[in-house]
Amino acid sequence: MPTVEAQPSAFTFTPDSAALLVIDMQRDFLEPGGFGESLGNDVTQLRRTIAPLSAFLTRWRAAGLPVIHTREGHLPDLSDCPPAKLERGAPSKRIGDPGAFGRILIRGEHGHDIIDELRPAPGEAVVDKPGKGAFYATGLQQLLDELGIRSLLVAGVTTEVCVHTTVREANDRGYECLVLADCVGSYFPEFQRVGLEMIAAQGGIFGWVADSTSVHL
């Protein structure tokens with residue numbers, strides 16, 4: 001039973017009931033010229049997560065443990081995208097508009113898919129989600145139940161939005177979550193720092209935080 005030196009305290013998990021959840025490592029968010037950069041964001045802040053996450057994925061897969069990937073995006077007709085989300089942002093840079101990698105955040109488009117460096121391995125689950133959290137309007141809960149998962153090690157982007165939302169949702173459902181600090185990223189360094197501090201605050205109010213190199217399988 002691995003024990004990880006984490007904040008605010010040690011995190012212990014049983015590998016047989018643990019999964020690695022990789023959130024939204026998509027071209028639209030991480031690639032130069034993509035949607036994220038078109039909004040004025042510095043994608044290098046997200047891309048720094050690729051090398052440590054790739055290394056951790058290799059170790060996790062070698063141990064034969066489950067990996068679940070998520071992708072944020074919408075149906076081509078946008079029927080699953082509420083106006084409060086669809087109308088946000090500058091015109092011509094909104095969900096469904098043409099982007100460098102196809103229509104922005106539309107399922108099936110090149111930009112919607114996961115970056116090549118972190119491509120899912122055969123047999124790994126990919127959960128498509130229309131919201132920020134990975135549990136909303138998806139089959140993630142059923143999948144975790146089928147796998148007997150109680151602990152989640154969490155990676156992906158962005159720390160203060162989709163990672164936070166998912167970890168909060170997971171905590172409400174009784175999962176224990178370890179957020180891998182070097183494998184999650186924000187476009188904003190201050191949001192990254194505060195986002196991680198919020199997770200571990202008040203004795204781990206909704207999770208634990210540690211670098212991936214602290215996890216020994």
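So, here is what we can say about the structure in this document. (Residues numbered from 1 in each chain as written. Predicted model: local features only at pLDDT ≥ 70, side-chain atom pairs only at ≥ 80, totals over all residues. Heavy atoms only, no water.)

What follows concerns the side chain of Ser17. For Ser17, the location among the structural elements is in the loop between strand E2 (11-12) and strand E3 (18-23). Leaving out residues up to four positions away in the same chain, Ser17 has contacts with Gly148, Ile149, Arg150 and Ser151. (Helix = DSSP H or I, 4+ residues; strand = E, 2+ residues; numbered from the N terminus. Contact = heavy atoms within 4.5 Å.)

In this section: the pairing of E3. Within E3, six of the six residues are buried, leaving the element largely enclosed by the surrounding structure. The two faces of E3 match: Ala18, Leu20 and Val22 on one face and Ala19, Leu21 and Ile23 on the other face are all buried. Sheet analysis places E3 next to strand E8 (residues 151-157), joined by six bridges and oriented parallel. From the neighbouring strand, Leu20 faces E8, where its bridge partner is Leu153. (Buried < 20%, exposed > 50% of the residue type's maximum accessible area, 1.4 Å probe, protein only. Pairing = 2+ DSSP bridges.)

This brings us to the packing of helix H7 (residues 159-172) against helix H8 (residues 189-204). Packed helix pairs are characterised by how far apart their axes lie and by the angle those axes make with each other. Interhelical geometry of H7 versus H8 gives an angle of 10° and a closest axis separation of 10 Å. With respect to H8, the axis of H7 lies roughly parallel. Pair H7 / H8 crosses with right-handed handedness. Residues Thr159, Glu160, His164 and Arg168 of H7 form the contact with H8, whose participating residues are Phe191, Gln192, Gly195, Leu196, Met198 and Ile199. The residue makeup of the contact of H7 with H8, split by class, is four nonpolar, four polar and two charged. (Axes fitted to C-alpha atoms, helices over the stretch in contact; angles between N-to-C directions. Parallel < 35°, antiparallel > 145°, perpendicular 65-115°, else oblique. Left-handed = near helix turned anticlockwise from the far one by under 90°. Nonpolar A, V, L, I, M, F, W, Y, C, P; charged D, E, K, R; others polar.)

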